[in-house]
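Report on the structure
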Amino acid sequence: MTRTPEEWVALARELARRFAERAPRHDREGSFPFENFEELRAAGFLALTVPRRYGGAELPLPDYLRVLEELAAGDASTALGLAMHLVRFGAEREAPTIPERWFAQLCRGAVEHGWLVNTAATEEGLGSPAGGGIPETHAAATEGGWVLNGRKTFTTLAPALRAAIVSARIALADPGPPVIGNFLVFLDDPGVRIVETWDSLGMRGTGSHDLVLEDVVPPRDRLLNQRSAGAPDPRGEAAFAWFALGIAAVTIGVARAARDEAVAFARERVPLGQRPIREMPGVRARIARIELLLHRSRTLVCDAARAWHTRSTEPPPVADRVAMAKVETLNACIEAVDLAMRVVGGVSLLKRRPLERYYRDVRAGLHNPPLEDRALEQLARRALDEPQAPTGAVE
Ligand SMILES: Cc1cc2nc3c(=O)[nH]c(=O)nc-3n(C[C@H](O)[C@H](O)[C@H](O)COP(=O)(O)OP(=O)(O)OC[C@H]3O[C@@H](n4cnc5c(N)ncnc54)[C@H](O)[C@@H]3O)c2cc1C
């Protein structure tokens with residue numbers, strides 16, 4: 001697939017126009033946008049971050065984020081689902097965590113057959129896996145492999161997934177610290193089923209249903225990696241950067257769509273017998289603030305993505321830039337969509353306009369890692385608890 005980053009962005013913009021037409025229906029019905037994913041597959045987007053050696057486009061992180069923003073401006077659910085799939089390949093090609101044989105199979109599956117892959121880590125009782133808790137889903141060793149049992153929540157793309165990477169506590173004979181393994185599970189493995197639980201405020205088209213595993217018996221080599229509870233997640237900084245900035249880029253896309261709607265409305269709206277609303281100081285101030293919030297978000301995301309891509313050693317550390325970009329973008333974009341609704345006024349509440357959907361969708365990223373409290377704690381720890389580099393300040 002030989003397209004320039006600019007061509008990918010332009011193509012994403014074209015697809016997003018069609019996605020935007022379908023988005024109200026999927027939002028209303030809470031249905032999965034299969035047609036969007038079929039178009040993404042046909043245009044090569046499912047292999048956007050797959051390494052070239054396996055036939056993918058191997059887009060660098062900064063360009064990938066521009067594509068996500070374009071798609072999210074059309075339909076945030078589709079863009080979020082795609083991001084959950086693509087993050088696997090982008091991060092894995094930079095920092096391998098799974099056996100190459102399986103990675104090659106997932107890559108070829110995405111390139112040649114349009115396979116979708118996602119991580120199934122969250123559970124009802126566990127909450128966010130980023131908290132370091134131990135899954136209730138468990139894996140017991142048998143002679144030929146494993147027996148997996150458990151239930152995952154929030155499994156985005158569930159209606160269309162080919163494979164999931166499922167975290168599970170490994171049952172051990174000795175009483176050491178618990179061990180958590182990540183297992184490759186195919187959706188047609190006997191004992192795997194989807195329970196349609198996803199009926200949410202926002203991102204209603206992501207199909208983030210429950211994944212249930214009942215006596216699933218994958219062979220031994222489907223254990224991709226393992227770690228002791230409390231040890232760092234093997235996915236490391238690459239997954240953190242790709243995932244967190246992907247969420248931020250999707251969020252910016254939603255806020256940009258809201259901005260465009262508000263600007264178009266303000267340019268045209270002339271209430272009977274009054275001045276055009278674009279002349280009203282309150283409207284002008286709000287539009288100006290939206291511009292500022294969007295530019296600030298993009299600048300932070302771009303900075304963090306470049307820092308990651310170039311392996312910058314300039315302070316602040318890349319992981320902190322990523323955390324700052326994610327937290328700031330979420331808050332800024334939520335504010336921007338709120339302001340857009342105030343500009344448009346009462347009709348912004350109507351279902352026949354897209355703003356109320358943007359208002360719901362823009363919030364979802366708050367609940368994807370890194371969560372605000374943990375991100376802020378990361379920054380505080382660096383500033384307050386780690387040894388300080390000399391500042392050169394004169395006492
Ligand atoms: C649209 C969408 C799609 C998703 N897709 C997927 C997916 O495909 N696969 C998947 O595995 N998951 C997915 N998730 C789940 C997501 O990653 C989180 O696991 C989920 O939202 C639960 O997070 P939580 O913060 O509410 O969890 P909890 O851990 O239950 O947290 C509850 C509250 O406590 C706070 N809290 C908990 N622990 C701490 C702590 N140590 N320090 C500070 N505060 C803390 C949290 O900030 C939060 O306010 C998705 C979520 C959404 C919204």
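Residues numbered from 1 in each chain as written. Predicted model: local features only at pLDDT ≥ 70, side-chain atom pairs only at ≥ 80, totals over all residues. Heavy atoms only, no water.

1. Some words on the pairing of strand β5 (residues 179–186)
Residues in a regular strand project their side chains so that they alternate between the two faces of the sheet. Put simply, the test is: With a 1.4 Å probe rolled over the protein chains alone, any residue whose accessible area is under 20% of its type maximum counts as buried; one over 50% counts as exposed, and the rest are partly exposed. Secondary structure elements follow DSSP: runs of H or I of four or more residues count as helices, runs of E of two or more count as strands, with numbering from the N terminus. For two strands to be treated as a pair, DSSP must find no fewer than two bridges joining them.
Counting buried positions over the eight residues of β5 gives eight, a clear majority of the element. Going residue by residue along β5, you find V179, G181, F183 and V185 tucked away on one face and I180, N182, L184 and F186 tucked away on the opposite face as well. Note: strand β4 (residues 163–170) against β5, eight bridges, orientation antiparallel. Pairing of S167 across the sheet is with N182, part of β5. Bridging between β5 and strand β8 (residues 223–228) involves five bridges; their strand directions are antiparallel.

2. Topic: the site of the ligand
Using the following cut-off: Throughout this document, a residue counts as near a molecule or strand when at least one of its heavy atoms sits within 4 Å of that molecule or strand. Residues adjacent in sequence count toward polar contacts only when both atoms are side-chain atoms; beyond that, a polar contact is any pair of N or O atoms within 3.5 Å, and within protein one must be able to donate a hydrogen and the other to accept it. Per-residue and other accessible areas follow the Shrake-Rupley method at a 1.4 Å probe size, with only the shown protein chains counted as cover for residues. Under this grouping Gly is polar, as are all residues other than the nonpolar Ala, Val, Leu, Ile, Met, Phe, Trp, Tyr, Cys and Pro and the charged Asp, Glu, Lys and Arg. Boundaries of every domain are those given by an automatic assignment or by a domain database.
Looking at the ligand, there are 19 residues lining it, with N118, T122, F154, T156 and R374 nearest. At 2.9 Å from a nitrogen atom of the ligand is found a main-chain nitrogen or oxygen belonging to T119. Taking R374, its side chain carries an N or O atom lying 2.7 Å from a nitrogen atom of the ligand. Surface burial for the ligand is 66%, taken as the share of its 960 Å² of free accessible area covered by protein chains. Ranked by the residues each element gives to the shell around the ligand, the list is headed by strand β1 (residues 117–120), at three residues. Here the shell around the ligand is built from residues that sort into nine nonpolar, eight polar and two charged. When residues of the shell around the ligand are assigned to domains, at least three map to each of domain 2 (120–228) and domain 3 (236–384).

3. Observations regarding the side chain of R93
This is how the line gets drawn: When charges are counted, neither His nor the chain ends are considered; positive counts come from Lys and Arg and negative counts from Asp and Glu. Should a side-chain nitrogen of Lys or Arg be within 4 Å of a carboxyl oxygen of Asp or Glu, the pair is scored as a salt bridge. The contact criterion used throughout is that any non-hydrogen atoms of two residues lie within 4.5 Å.
Mapped onto the elements of the fold, R93 is located in helix α4 (residues 76–94). Look at R93: it is buried, it has no salt bridge, and the nearest opposite charge is E94 at 4.3 Å. Side-chain polar atoms of R93 contact the backbone oxygen of L59, separated by 2.9 Å. Discounting chain neighbours no more than four positions away, the residues touching R93 are T49, P51, E58, L59, P60, F103 and W242.

4. Focus: unusual backbone geometry
Residue P316 follows P315 across a cis peptide bond; omega there is -5°. Tracing the backbone shows P316 in the loop between α7 (281–309) and α8 (318–344). With an omega of -5°, the peptide bond between P369 and P370 qualifies as cis. The phi torsion at E58 lies on the positive side, around 50°, for a residue other than glycine. Within the secondary structure layout, E58 lies in the loop between α2 (34–42) and α3 (61–74).

5. A look at the pattern of salt bridges
With the rule as written, the count across this model stands at 35 salt bridges. The residue D189 makes a salt bridge to R222 at a minimum N-O spacing of 2.9 Å. In this pair, D189 sits in the loop between β5 and β6 (192–195) while R222 sits in the loop between β7 (209–216) and β8, placing the two residues 33 residues apart along the sequence. You can call R222 buried: its relative accessible area is 8%.

6. Some details on the domain arrangement of the chain
Selection rule: When two components associate, each loses some accessible surface as probed by a 1.4 Å sphere; the sum of these losses over both components is called the buried area.
Segmentation of the chain into domains returns domain 1 (5–116), domain 2 (120–228) and domain 3 (236–384). Inter-centroid distance (C-alpha atoms) of domain 1 to domain 2 is 23 Å. In this assembly, domain 1 packs against domain 2 so that about 1,900 Å² is buried in total across both faces, 68% of it on carbon and sulfur atoms. Three residues, F32, W102 and L116, lead the burial of domain 1 against domain 2; their summed loss comes to 31% of the area buried on that side. Between domain 1 and domain 2 we count one salt bridge in total. A salt bridge links D221 to R101; its shortest N-O distance comes to 2.1 Å. Counting across the domain 1 and domain 2 interface gives seven residue pairs in polar contact (both at pLDDT 80 or more).

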